[in-house]
Amino acid sequence: MLPRHVRRLGRDCIAHWNGSQILALNSPVSSCMRWAGHYPWASFPLPVPVDFSANWRLPPFFGPCRQFQNSNWQLDNFTQSSCFHLPNPSMKSEGEEPLTKKRRLSGQHDTSTPEEETKSDQKEALCLSVAQNEEKHKGKKGTVKRHWEYFCQHSRTIKILEKKETDQRNTESEAKFDFTVMSYNILSQDLLEDNSHLYKHCRQRLLIWTYRFPNILQEIKQLDADVLCLQEVQEDHYRTEIKSSLESLGYHCEYKMRTGRKPDGCAICFKTSKFSLISSNPVEFFRRDIPLLDRDNVGLVLLLQPRFHCKANAAICIANTHLLYNPRRGDIKLTQLAMLLAEIASVAPQKDGTFCPVIICGDFNSVPGSPLYRFIKEGKLNYEGLAIGKVSGQEQFPRGQRILSIPIWPKKLGISQNCVYEIKQQQREENAGEKLEAAKLDNTQEIVVASEKLSSKLQHCFKLSSVYSHYFPETGIPEVTTCHSRSAVTVDYIFYSAANDDTAAQPGAEDSFSGGLKLLGRLALLTEKDLWTVNGLPNENNSSDHLPLVAEFRLIE
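Residues numbered from 1 in each chain as written. Predicted model: local features only at pLDDT ≥ 70, side-chain atom pairs only at ≥ 80, totals over all residues. Heavy atoms only, no water.

> Quick one: what's the story with the pairing of strand E10 (residues 358–363), residue by residue and with numbers?
Most of E10 sits inside the fold, with six of its six residues counted as buried. With burial as the criterion, each face of E10 is covered, one bearing Val-358, Ile-360 and Gly-362 and the other bearing Ile-359, Cys-361 and Asp-363. Relative to E10, strand E9 (residues 316–322) is paired through six bridges, and the arrangement is parallel. From the neighbouring strand, His-322 faces E10, where its bridge partner is Asp-363. For the crossover from E9 across helix H8 (residues 330–347) to E10, the handedness is right-handed. (Buried < 20%, exposed > 50% of the residue type's maximum accessible area, 1.4 Å probe, protein only. Helix = DSSP H or I, 4+ residues; strand = E, 2+ residues; numbered from the N terminus. Pairing = 2+ DSSP bridges. Right-handed = clockwise from strand over helix to strand, strands pointing away.)

> Quick rundown of the side chain of Asn-185? Include the residues and the values.
On the secondary structure map, Asn-185 appears in strand E3 (residues 177–185). In terms of polar contacts, Asn-185 uses its side chain to reach the backbone amide nitrogen of Leu-187, at 3.1 Å. Engagement of the side chain of Asn-185 in a polar contact is seen with the side chain of Asp-363, the distance being 3.1 Å. (Polar contact = N/O pair within 3.5 Å; in protein donor to acceptor, adjacent residues only side chain to side chain.)

> An account of the nonpolar core is requested, with residue identities and associated values reported.
Ranked by internal contacts, the top residues of the largest apolar core, which has 64 residues, are Phe-179, Val-227, Leu-228, Leu-246, Ile-359, Tyr-496 and Phe-553. Leu-324, Ala-338, Val-347 and Val-420 belong to the second-largest nonpolar core, a separate cluster that totals 50 residues. (Core = buried A, V, L, I, M, F, W, Y, C linked by side-chain atoms within 4.5 Å.)

> Before we move on, can you summarise the packing of aromatic side chains with the specific residues and values?
Scanning the model with the defined rule gives 14 aromatic pairs in all. Measuring from ring centre to ring centre gives 4.3 Å for Tyr-238 and Tyr-255, while their planes differ by 15°; the resulting arrangement is stacked. Pair noted here: Tyr-238 is in helix H7 (residues 235–248) and Tyr-255 is in strand E5 (residues 251–257), with a separation of 17 residues, a long-range link. Ring centres of Tyr-493 and Phe-495 lie 5.3 Å apart, and the angle between their planes is 20°; on these two criteria the pair is classed as stacked. Members of the aromatic cluster, each reached through a chain of ring pairs, are Phe-177, Phe-179, Phe-275, Tyr-496 and Phe-553. Its guanidinium or amino end placed over the ring of Phe-177, Lys-274 lies 5.0 Å from that ring's centre, counting from NZ or CZ. (Phe/Tyr/Trp six-rings, centres within 6.5 Å; stacked < 30°, edge-to-face > 60°. Lys NZ or Arg CZ within 6 Å of the ring centre and 35° of its normal.)

> Got a sec to walk through the pairing of strand E6 (residues 264–271)? Specific residues and values, please.
Burial within E6 is extensive, with eight of its eight residues counted as buried. Judged from the six bridges that link them, strand E4 (residues 227–234) and E6 form a sheet pairing that is antiparallel. Residue pairing for E6: Gln-234 is matched across the bridge by Asp-264. Relative to E6, E5 runs antiparallel, the two sharing seven bridges. Bridge pairing in E6 links Tyr-255 to Ala-267. If you look at the hairpin formed by E5 and E6, you'll find six residues sitting between the two strands, and Gly-260 has a positive phi there, around 70°.

As structure tokens, this is what we get:
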């Protein structure tokens, strides 16, 4: 019997052959071998012809078991009868999930002992079938291919196409400004190492930054978005590698590091060939004088001017944030969101009093349909009697029943229940000509303050739609944006202010301000089962525990 640490190392071992690329192992040896994707299970045995034309050797990284290379271990030990066949993973693959994953989903616990695992390992065998990368857009080994979904011009239906259909109405072609936006949590290396329990399903070499960063950069190159909203950008990596690499691709980068001792932050990068920077506005959610706001999360709001657009004063507001994770602190999450919305309301107004188009990206640590999500989309939330642990919807059965206080945040924060800075709100009322006599104004202010203290209703002035629908319409299966050992859910979003004629906008968004954004297409998301066919996230080709979200917009005047 081989030592346990040798068997563990053996799981990372891959043998490459030409031709069928199939590895068959008999029982005495298979206990120390496992597929890199951690999928040793197959639904049925399939005897196949095996061509061992190559001189097989254990890889040099096999470490303590290197003496195997000099042994008399022959290829004759292989038997066809012990071969299992696994299909090449694709987005529609029906591949099995890891046994521990299936037990977790069914509510069972993995109670197997190391001895039982060893006996099970001895019965396992492996077979890899790899699709050749012969076409330009085909995925590499072990990838799950994602397609683009484009919206029809005059209906709410979606067309799944390899490339966008040409709009035949070319009379207004010069007035159109199309651009793409990506939101991507790239997984800070420090956070990865601090939360290693979330990545037990991953091979260790795939978790090293020197392996991960080239993959992340390659994803950014391939998707080629005009605006990048990145979360969990580690400061030292940003300073030494990320910023310079993105600048070499034609991006201008703005960065806001988290406060305190947190090593990461948010970045917004845009192509200088498409936009020029009007203003950059960082938002710190930590307030030393407010006990509620003792967390170090941040946001970043940019005002960008499109180049080559017929309207000289056109602008787009891009916001990026990463809200607090803690599922039991919905009060902090809502306050952080209100602070971000207040900053956007301060940056986005135009000379005519309306707001320029707004895009809000980020990791909101909240699931679709949760109170926080509904507040963003519907623009209002009555939180009276709402349990703090239910705000984000992250836990199906939240612990604790503490109710949100009314109001949630203290008045000295300077943000009203309408999620605007109170000084700005007063100025706006004055500019609108709402002036009263001094005595009446004083009485009105007293009434407003008193009613705000008692009000349990939050509001914001943006009509926002979500780029993604969060469920596959054919099956009702949820889309996921993050997938690791503990969960697979949607927490990342791209929200946008929809134009009146945007057929992709959700009902209720049609009353948007003049102009706005039209959603042209999006990079499709995946199901949890899709991602576990490639061993979840991170994996060999996707080096974050989140998927990048990408959308294409058209600026409407």
